Structure formats: structure tokens, C-alpha cells
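Descriptive structure summary
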Amino acid sequence: MNTVTSIERVNNPRSGRMSTLSPVTGLPLVCWLEECRKESVDLVGGKCSSLGELINAGVRVPPGFALTTEGYRRFMADAGIEREVQSLLVGLDAQDMDALENTSSAIRTLIETQSFSTEIEDLVAESYRKLSVRSCVPAVQVAVRSSATAEDLPGASFAGQQDTYLWVRGTNEVLYNMRRCISSLYTGRAIAYRINQGYGDELVAISVGVQKMANSFTAGVMFTLHPTNGDRSVIVIDSNYGFGESVVSGEVTPDNFVVNKITLDIIERTISQKDIYYTVDTKTQESRKIEVPFERQKVQSLVDDEITELAWMGKQIEKHYGRPMDIEWAVDKDLPFGGNIFILQARPETVWSQKQQTVAKAGVSAMDYILSSMLEGKRMK
Amino acid sequence: MKFPNPHDFKTIPGTEGWERMYPYQYQFVTDDPERQEYEEKAFWFYDGLHYPEAIYPFDTIWDEAWYLGLSQYNNRIFQVPPVRGVDHRIINGYIYISPVPVMDPAEIGSRVPNFMERAGFYYKNWNELEAKWEVKMKALIKQIEDLPISRLPDLEDISVVTEGLGESKGYHLIKTYDDLINMGIQCWQYHFEFLNLGYAAYVFFLDFVQKLFPSAPLQRVTQMVAGIDVIMYRSDDELKKLAKKAIELGVDQAVTANKEWVDILAAMKALPKGEEWLTALEVARYPWFHVSTGTGWSHADKSWNDDLNIPMSGIATYIDHLKKGLEIERPMEKVRAERDRIIEEYRSLINTEEERKTFDDLLNTAKTVFPYVENHLFYVEHWFHTVFWKKMREVSAIMVEHKMINDVEDIWYMRRDEIKQALWDMVTAWATGVKPRGITVWPKEIDWRKGVMQKFQEWSPPPAIGTAPEVIQEPFTIVLWGVTNSSISDWAEVTESADPDSITTLKGFAGSPGIVEGKARVCRTADDIRQLQDGEILVAPTTSPSWAPAFAKIKAAITDVGGVMSHAAIVCREYGLPAVVGTGHGTKIIKTGMMLHVDGSSGVITIQR
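Quick caveat, the model's predicted, so the values are computed rather than measured.

Looking only at helices and strands, one finds 22 helices and 13 strands in chain B. On C-alpha atoms alone, chain B measures out to a radius of gyration of 25 Å, which is about the 25 Å that the 2.2 N^0.38 rule sets for 609 residues. Structurally, chain B occupies a C-alpha span of about 80 × 75 × 55 Å along its principal axes. Every one of the 609 residues in chain B was classed for burial, and the buried ones make up 49%. Sequence-distant contacts in chain B: of pairs separated by 6 or more residues, those separated by 24 or more amount to 70%.

This paragraph deals with the domain arrangement of chain A. Residue and element names in this part refer to chain A. For chain A, the assigned domains read domain 1 (5-212) and domain 2 (216-348). Taken residue by residue, the interface counts nine residues in domain 1 and 11 residues in domain 2. For the side of domain 1 that touches domain 2, the per-class residue count stands at seven nonpolar, one polar and one charged.

Contact with chain B, which involves 47 residues of that partner, is made by 34 residues of chain A. Each residue belonging to the side of chain B that touches chain A can be placed in one class, and the counts come to 27 nonpolar, 11 polar and nine charged.

This part covers the nonpolar core. It is characteristic of soluble globular proteins that their nonpolar side chains tend to be buried jointly. Core analysis: the largest hydrophobic core is formed by 168 residues, its most contacted members being B:A201, B:F205, B:I315 and B:L538. Broken down by element, this core gets its largest block of residues, 20 residues, from helix α15 (residues 353-401) of chain B. Look past the residues within four positions of B:I315 in its chain and what remains in contact with it is B:L239, B:L242, B:A243, B:A246 and B:V255. Among the nonpolar cores identified, the runner-up in size contains 87 residues, and A:C36, A:V61, A:M178 and A:V292 belong to it.

On to helix α6 (residues 169-191) of chain B. All names here are of chain B. A rise of 1.5 Å per residue sets the reference length of α6, with its 23 residues, at 33 Å; its end C-alpha atoms lie 32 Å apart and thus fit the reference within 8%. Residues G170, L173, Y177, G184, C187, W188 and H191 constitute the buried set of α6. Elements that come into contact with the buried residues of α6 comprise α2 (60-77), α4 (126-146), α7 (195-212), α15 and α16 (416-432).

Looking now at the packing of α2(B) against α6(B). To describe two helices that pack against each other, one gives the angle between their axes and the distance between the axes. Residue and element names in this part refer to chain B. Running from N to C, α2 and α6 point in directions that differ by 40 degrees, and their axes come no closer than 9 Å. Relative to α6, α2 is oriented oblique. Handedness of the α2/α6 crossing: right-handed. For the pair α2 and α6, contact is made by I61, W62, A65, W66 and G69 and by G184, I185, W188, Q189 and H191, respectively.

Moving on: the sheet that holds strand β3 (residues 30-32) of chain A. Residue and element names in this part refer to chain A. In spatial order, the strands read β3-β4-β7-β5-β6; together these five strands make up an open sheet with antiparallel pairing. Every interior strand has two partners, whereas the edge strands, β3 and β6 (164-168), have only one. Averaged over neighbouring strand pairs, the angle between their axes works out to 20 degrees when direction is ignored. Both strand β5 (residues 142-148) and strand β7 (residues 206-212) contribute to a ladder of seven bridges, which runs antiparallel. Bridging from a neighbouring strand, A148 pairs with I206 of β7. Of the strands in this sheet, β3, β4 (64-67), β5 and β7 touch helix α1 (residues 41-56), which is tilted by about 120 degrees from β5. Along the sheet, helix α6 (residues 171-183) contacts β4, β5, β6 and β7; its crossing angle with β5, the most-contacted strand, is approximately 25 degrees.

Side-chain positions along a regular strand alternate between the two faces of the sheet. All names here are of chain B. Of the strand pairs in this sheet, strand β8 (residues 515-522) and strand β12 (residues 595-599) are connected by five bridges, and their pairing is antiparallel. Looking at the pairing, G518 lines up with L596 of β12. Adjacent in sequence and paired antiparallel, β12 and strand β13 (residues 604-608) are bridged by four residues, among which G603 carries a positive phi angle near 80 degrees.

All names here are of chain B. Strand order across the open sheet formed by eight strands is β6-β13-β12-β8-β9-β10-β11-β7, with mixed pairing between neighbours. One side of each edge strand has no neighbouring strand; the edge strands of this open sheet are β6 (505-507) and β7 (509-512). Here the average twist between neighbouring strands, direction ignored, is 30 degrees. Pairing analysis gives three bridges linking β7 to strand β11 (residues 579-581), with the strands arranged antiparallel. For S512, the partnering residue across the bridge sits in β11 and is A579. Packing against the sheet, helix α21 (residues 567-575) makes contact with β7, β10 (556-559) and β11, and its axis sits at approximately 45 degrees to β7.

Residues and elements named next belong to chain B. Here α2 is 18 residues long and its end C-alpha atoms lie 24 Å apart, about the 26 Å a rise of 1.5 Å per residue gives. Remark: the principal bend of α2, roughly 30 degrees, maps to S71. If you check which residues of α2 are buried, you get T60, I61, W62, D63, A65, W66, Y67, G69, L70, S71, Y73 and N74. Two residues or fewer after α2 comes Q79, characterised by a positive phi angle close to 55 degrees.

To continue, consider the confidence of the model for chain A. Residue and element names in this part refer to chain A. Per-chain confidence: chain A averages 83 in pLDDT, with 86% of residues scoring 70 or above. Counting contacts from residues 1-20, a segment whose pLDDT is below 50, to residues more than four positions away or on other chains yields 27 contacts. Within the model, pLDDT remains below 50 along residues 151-161, and this stretch shows 26 contacts once partners closer than five positions in the same chain are excluded.

Turning our eyes to something else, we now look at unusual backbone geometry. Cis rather than trans, the peptide bond between B:Y286 and B:P287 has omega equal to 5 degrees. Its location among the elements puts B:P287 in helix α12 (residues 274-288). Even without a glycine there, the phi angle at A:L264 is positive, about 60 degrees. Note on placement: A:L264 falls in the loop between β10 (255-260) and β11 (266-270). Despite not being glycine, B:K403 shows a phi value in the positive range, around 65 degrees. Within the secondary structure layout, B:K403 lies in the loop between α15 and α16. Among the residues examined, B:K403 registers 15 C-beta atoms within 10 Å and is labelled partly exposed.

Rules of the game
- Residues numbered from 1 in each chain as written.
- Chains lettered and ligands numbered in written order.
- Predicted model: local features only at pLDDT ≥ 70, side-chain atom pairs only at ≥ 80, totals over all residues.
- Helix = DSSP H or I, 4+ residues; strand = E, 2+ residues; numbered from the N terminus.
- Rg over C-alpha atoms; globule rule 2.2 N^0.38 Å.
- Buried ≥ 20, exposed ≤ 12 C-beta atoms within 10 Å, placed from the backbone.
- Contact = placed C-beta atoms within 7 Å.
- Domains from an automatic or database assignment.
- Nonpolar A, V, L, I, M, F, W, Y, C, P; charged D, E, K, R; others polar.
- Core = buried A, V, L, I, M, F, W, Y, C linked by C-beta atoms within 7 Å.
- Expected span 1.5 Å × (residues − 1).
- Axes fitted to C-alpha atoms, helices over the stretch in contact; angles between N-to-C directions.
- Parallel < 35°, antiparallel > 145°, perpendicular 65-115°, else oblique.
- Left-handed = near helix turned anticlockwise from the far one by under 90°.
- Pairing = 2+ DSSP bridges.
- Bend = angle between axes of the 7 residues up to and from the residue.
- pLDDT = per-residue confidence, 0-100.

Structure below.
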């Protein structure tokens, strides 16, 4: 991993000395996503490490940075609230819902009202500024997401790592929402879970990812095999205008493209009538469902060149992971063609990959195959 | 899907009695209930691949020859288990064919061991048998080339007496005609020796890959056997060599500055190095200019040797490209590299070792059969047929001399058995010294038949008639004619469309990948390709090797008939041009000058009206 220059030689207020990295662990407090790998889970959590892995596989992912688990620990230590948090948790009954919620609320407020140290604030502010520069805007809109070290914490789904705040803009907002992500470690359910499982809170760590929002003109999903027949020679893309939400949730029948994985030609295209899409409401900064203008409803939502590039990316991702993948993507409307397609998420495809499919009669000689096929004939339906 | 009932066709007014122009067994009948029922239940599709136009009475020779050839090999020699032969009928001069299935499962089962033994023998010994085939075929071609066709003399040569020959030129003419016909039929016996099995191996390789990868386009699978050297390209290669040679010798102007062969010849003769080039031309002409400008199935399909203007325009195109510094060689290295990449990528996506094993074995078999599947066309349809048509014209010239018919080209209006009868009439009258009866019969009959043929050519044959089947097992039907469920329904769609001028989308087979837009040029015959402009989209009934120079000019090709293994599809893949083949109606709906969007990957053509 590259040295994280931005956090070198920062002033450590506690020791009064200048230090590189963390004085205790030598780990970075903040790092860019491209500095993460799949081995970085301990440092940046599952979500950020997989995004880093994608970037390093040559896949275009919306740029961003992460507050590392080390940064999280420093925040807690600098704020001096660890003891207070612990004392609030002492003797808590995991079955007492009211007590859990009250405690959770108290801890979360405590965390969210603390300031980051100047050191971390400066690091985040600097990273956010650079991210804005990279995105060609004065203050970029970002998604702030918790990224839990899931592998170290079974049942991670209760750990609050689902927290995501979209359309965040400005350093202060970013810092505030980062704390909200951190505090999500102390939701009532997460606390109860840890008590029940006997996990000490000292084992718990969280990272927070800050990633440019893909201002998607079109978005959707892509499988690197045919979801209906498991054919591995194709890449199948579903797309609609706006955010991928409408496609993922199944609220619209998306446009559907089947692309030959080997040659990247589009071999099938189905243009559907798409009546709604999701876009950002600039006032509430939330995504909002609106109607697709009539004249655009039956128009292909991705141009052919984008389809080809997307399929190429899908092929690279599959190659990198060595297995069929299920991918979320977006085409950013702020950027010109050639650099506007982004991969938001990639995970292994599970349905077909678990089936062992074999073509009947496989393993036979050519002659036997010819005979048995002749006997079968070509069904005309 | 509804297709017309074969017995519902009305005779075109003015053609009453047309049936006598063709063999009687080709008629759909209503006076035999059993046959009528069979005909109605069968699925007949128009064989536009071989007969883009109504068939002339004489030309039914090849139809009968393959009717016999294909069916006997399927049914009596190899015993393809689930299918007998392919039956034939004719409506208004257009040939319809129908594969005949074996219905009884027990009978199918009893055919299996025979097929395994016999077909197995051929697959196993393919290369040796194919080498033997080439020897037989070349001997037969030599025999027909050497066949003398002599005029009837007033007085036989003295040698008949002094050598004690004991035979007259009259007898010779009848015998030679018989020999000519018999050689033609024999040639078609050879034609089918390997073809069914070749297609079967090919079809089921495609089929297996598509079972592994249901969405793999057929054209991509056929690319896995691309880049194999076949003699189909040889004629075109000769043109390229002659183009280079002309530039080398500095005589290229003689070709490019003149349009007609006679002028080119005169210009060449006036040049010091012209003779050297003409000698090279003569060497190339035999046999490589024996390529028909059509499918070779029609007497009207002239060969390059019959009309040197066609190869000359090809040479001129290549000279032009060479002078502009353009590459004229087919990009074979690229084609092969791409083929290997495609094979490797698909192969790596196969899930199991067993599947990979079958894939490899089928791919090897397909590669083994591929050269025959292509090469036989040159030997039979091009080389042999070219010589055959020439010999027939010599016979015809003798009939013209005796006033049996008015013109050499009139002979095609007669059935081959009628010609034999007429020759008997003519020869006995010659021997006897009287006027043959045919002089008053044939010119009149032929005049009437010309009118009938005219009306036939104006008629549009529906792509299919009868009842669409549930299953097709005949390998040819699938690969060669591209008869599949979707093609049949696409045909039905266009047939049902009220106004052909309102059609904006045409579907065919994705023959060769790529997307282009451009102007259409409809070429019905190889003669028309001289009008092709650089960058146009060729729209043709079908193409053949002699159309090769056209592919150096065009952006894409569209044909009415043919599957992914048809000539146009294969050549386009080798040249990297998009092709949509087997559109059914392309040449009827598309007009020269129309702007087209051709998607060779999906097989869709959009007409920008």
C-alpha cells in the first residue's frame, strides 16, 4: 500500500509531538479508496475494501476516501468519551427495550456532538477538498456510509453498518454525517446483539466511507451471466433513467440488453416503457420518484457505446474475481462520455453459480452426439 | 402460423397448361386423396436459395438430380434415422421442398445401427475418402470437357468407311446428349456423397455450443471454423494476382481505362508487356474462371469465362485499391487470431471437463468437414456446370441449324426428355432426308412457354406453404435454408403485411457481426455488381464465389436466402463486414438508393423511409 502522505507528520495534540501515521499502530487515519484492497477489511471495513479492490482491478468507481478504523479509534480516544460510553453500558439489560433505546440515544448523541480533533478534521477537510477538485465542482455531493469490519463481527447486519447518508455537501456536513455513521455502532439492536453474544465493545470498530455521489442519468444492474439460463457467454444489463433504485426495486420494467461477453456485441435489446425514475430532490437532498416525460418513456436509456463499455467493465470485474458477478452501475450526467460510467457495487452472483449445470449428453464422442441430436431434431415449437 | 394451402393456388391467367413444362410428379394434385392429404400436411418451403427466379424446364435437371442425390444418401445409403429424403413440388415455376420425417419410433430405432456403421465410416475416414472424391470428380470433369459434340454432315466422313467405324454422327449426337445428361446426374451423385454428413457434423457442433451457451449467436459459433483454407477463394485470389501482375508489368492502364473486354484485349496487345499479362490470364482462366456469376444452377448463370467483363471489373477494382495503397488480401491472420481467441474464450467458460471433451471432438469434426462443405461448390456448381452449360449450347446450336428451334437460348424452354425426343426426330429426319416434325412444333411451343415464364417471373412465390412442423430433423433444412421457427414466423409476418412500401424493419439471420449505415444497391445478378459504388450495401437474392470482387467495395451484404453458412455470410465474416442473410424478401422490399441501417449482430435491417 502506498504511504498516505496526507496524514504524515500531523500534530498529535495528546503527546505534543509530531508524528507520522498513528503513533501507536503506524496506520493511516484517513485514506483514499484506491489505496484499499480486499485485504484492507480491518482498516476500512468490507464496503470500502471491496470498492478499493474494484478500483485496483481497473474498474471506474466513484472516487472517495475513508476514515479508517484507526481514525475511528483516534476519534473516540481524542474525544475522551470511551469511558463515558462504557459507563452508560454497564449493567444494561439486553431485554429491556426502553433502556436499550434510551442508552443508545444517549450514546449516539454523545458521539454526534463531539468534535473530531483538528488533526482529523483537517485530514477530512483536505480529502474532501481534493475530492471536489477531482469531481470538477467546488463542493462535491457525497454519500457518507459506514463500512463495518464485518468479517470480524459475525452478525454484522446488526452492527449498524447499513447507515448511509446521501447528497451530503460541505465539510461540516461531511464531518457530522461521519459521526452519525460512527454512532450507528450504538443502535439499540447493535448494543443488544453484542451483549447477547458477549462481545466486548473494544472489539468493535467501524470505518466511514465518503464517496462522490454518482449523479446518474441512467443506472441499473448487470449480471455477467444470463440470469434466466445461466449462459456464461453473455452479460445482461438492466437499465432505467435516474438512480438504480427503480431497477433494483423492480418498480419499472427496465430496458434489457444482452451483450456477447466474448465479442462485446449487443445481441439482444428490449426497450421497455419506463414510466418512473428516481432523481435527487435538491431541496430535501433526498432521492425522489418522478414520472418519466412521455417522449422519453420508450427511448433507449443507455446508448450503444455505453452498453459496450459497461459490458467490458463487467467482463474485467468477472475476470478479476474469477466468478460470475452481480454488479450495480451508474452513468454520471456531470461527466463526458468516456469517463462517465461508474461501478457502484460488485458481488458474486449466487443463483447459477451454486447450480452445477451440465448439458445432457456431454462427454460423448462427436459421432454419438450427432446421432442423438439427429434423433432429437430441431424443435420448432 | 398460417401458410397457404398448396392446392389453393390459382393458375395465372394465360399460363393454363404450364404443368407440361415440368415433370408430372412435381405437381400438387387433387385427384389422389392420399397424396393430396400428404401434401397438405407437409411443410413446403420455397427453395429460393437455388432458384431465385422461376425455373426453366431444362434447368429442372439439377433439381431432379439433387432430389435423387440428397434423398438417396439420407435414406438409402446412410439411413439418417429420423428423416428420409426431401420431397419436391413446383408451383408457377417455383420449386418447393419438404423434408420427409420417419414417423414410427421403432423404425427410427432400427435405422440407428446402419447409420452408426455407415456414417461412422465416413467420419472416421473422411480425409482419405475426400481425396478419392477429388480424383473421381476431376476425372469426370475431364470426361465432360473432352466430350465431342459434332454437327450432322450431309455425307459422313470417308473414315467411317475406311476405318469400318460402323456408327454415324446422327447416332453420336443422340448418344453424346445422353452421355452429357448422365455425366450431369453422376456429378450430382458425387455432390451429395459427403454433403449430408458434412452439414450434420457442422449443424450439431453449432447446436452443442448453443446448448452450452444458449445466447451465443450462430455467427460467432461459425467463426470458430473460420480461416480454414478453401478453394472458394481461389478465383478471387487469381484476380488479385492478376491485378498485382498488371501493375508490375506496367499494363494496369489497359484494364482500368477500358470497360469492355475486347478493348482491354486490344490495349494489352498494343503494349510490349501485354502478351505476358495475357498469358498469365490464360493460365488463371482454367479452371479458376469457371466460376458462375450466379449459383451455377441456372443456364443463365454465366461464368467469368463466358463474360470476361466481370472478372476484368474485379481486377480493375483491385488495381485501383492497390494504387491507393489499400490492402486487398483477406485479413487471414486476423481472422485466424480472432477465431482462436473466440474458441479459447468460449472454451474457458465451459463448466465441466466432459462438456469440454465433447466440444473439442465436435469442433475437430466440424473443422474436418468444413473444406468439403465449401469446396464441392467449386467442383460441381461452378467448374462442372460451366462446362456442362457450354456443351448444352453446342447441342442447341445444332438444333438451331436444323431449325428445330429459333435460338440457342431457346433450348432451356424444353425439358431434357423433350430434347431427347426432338433430337430423335431431328436425327431420323436427317438420316432419312425428310423434314422433322419438330420444326413446326417446337418454335410455336417455345414461344408460348416464353410468355408463361414471363408471367412466372412476375409472380411472387410465398416463402412457405402447407403446415409448419413441430420439429425439423433434416440438417440441410436448418443450415442451408435457415429454416427455423423464428425465420418461418418472420417470413409469415412480411407475407401478411399489407403494403410492402410501408415496411421499415426486415429480419434475417445475423450472418456476420457489425453495424453500419449506408445506401442500398440491389443487384439481382452478378452483372449488376459492376454498378456497385464503394461503400454501398449490397442487396442480392443470394451470392456466389464469382461475386467476390463485390465484397471489396461494399459496407455490408443482405441476401434473401441463406443461413449462416451461405456464401455471403462466410465471405462477410472473413472480410469483417456485417451481413444479414435469409431475409426472405430483401430484394423485393429494398430499393437501390434507400438508406439502410444494418445490424449484422442481431440480423435486423432498418429502412429509413
